Amino acid sequence: MNIEELINKINSSAEELDFVSSRTFIEQNIDILERHKNLLNSNARQILNFVQERIKFGEVNLTREEMATVKAINSYASSFNLSGIKYTLKDNPKLFFKKDIFSFLNKDAVSILEGMGAIAKSKI
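Residues numbered from 1 in each chain as written. Predicted model: local features only at pLDDT ≥ 70, side-chain atom pairs only at ≥ 80, totals over all residues. Heavy atoms only, no water.

**With respect to the confidence of the model for the protein chain**
For the protein chain, mean pLDDT is 86; residues scoring 70 or higher make up 97% of the total. Mean pLDDT in the protein chain bottoms out at helix α2 (residues 19-28), which sits at 84, and peaks at helix α5 (residues 64-78), which reaches 91. (pLDDT = per-residue confidence, 0-100. Helix = DSSP H or I, 4+ residues; strand = E, 2+ residues; numbered from the N terminus.)

Right, here's the structure in full:
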């Protein structure tokens, strides 16, 4: 795909308010888009700035597998299935070192994981 096609796809998806597609295109081609930022419309440029700031601060998006794990933990926590939570934690210990994960956990999961000592107690 050449740069004109890429810019057109990003701009059109941003105009249609399909920010997920815009962000995906931007994340996959961020090096090229940094040089051609002026060709993006205002919405697409804001998404590019958002992605650049996340990268600058070292934040990485969760993968689909990681999101599925978080969803499973939330489900286990809602039904108070401690053995399911323990099994999932055992298979994915590094997942809870990521900063982004806490915004995806429900209150039940946070309470149970804090009680188990898997995550630090929140200061709320």
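**Regarding the pattern of salt bridges**
Pairs can form between side chains of opposite charge once their charged atoms are near each other. Under the counting rule described, the total for this entry stands at one salt bridge. The closest approach of N and O atoms between Glu 27 and Arg 23, which form a salt bridge, is 3.0 Å. With Glu 27 and Arg 23 both in helix α2 and four residues apart, the pair spans about one turn of that helix. On the basis of relative accessible area, Glu 27 is assigned to the partly exposed category, the value being 33%. Residue classification places Arg 23 among the partly exposed residues on the basis of a relative accessible area of 24%. (Salt bridge = Lys/Arg side-chain N within 4 Å of Asp/Glu carboxyl O. Buried < 20%, exposed > 50% of the residue type's maximum accessible area, 1.4 Å probe, protein only.)

**What about a nonpolar patch on the surface?**
On the surface, Phe 80, Leu 82 and Met 116 cluster together to form a nonpolar patch covering roughly 270 Å² of accessible area. Here Phe 80 is to be found in the loop between α5 and α6 (82-91). (Patch = residues over 30% accessible without salt bridge, like charges linked within 9 Å, V, L, I, M, F, W, Y side chains within 5 Å. Areas by Shrake-Rupley, 256 points an atom, 1.4 Å probe, with all protein chains shown as cover.)

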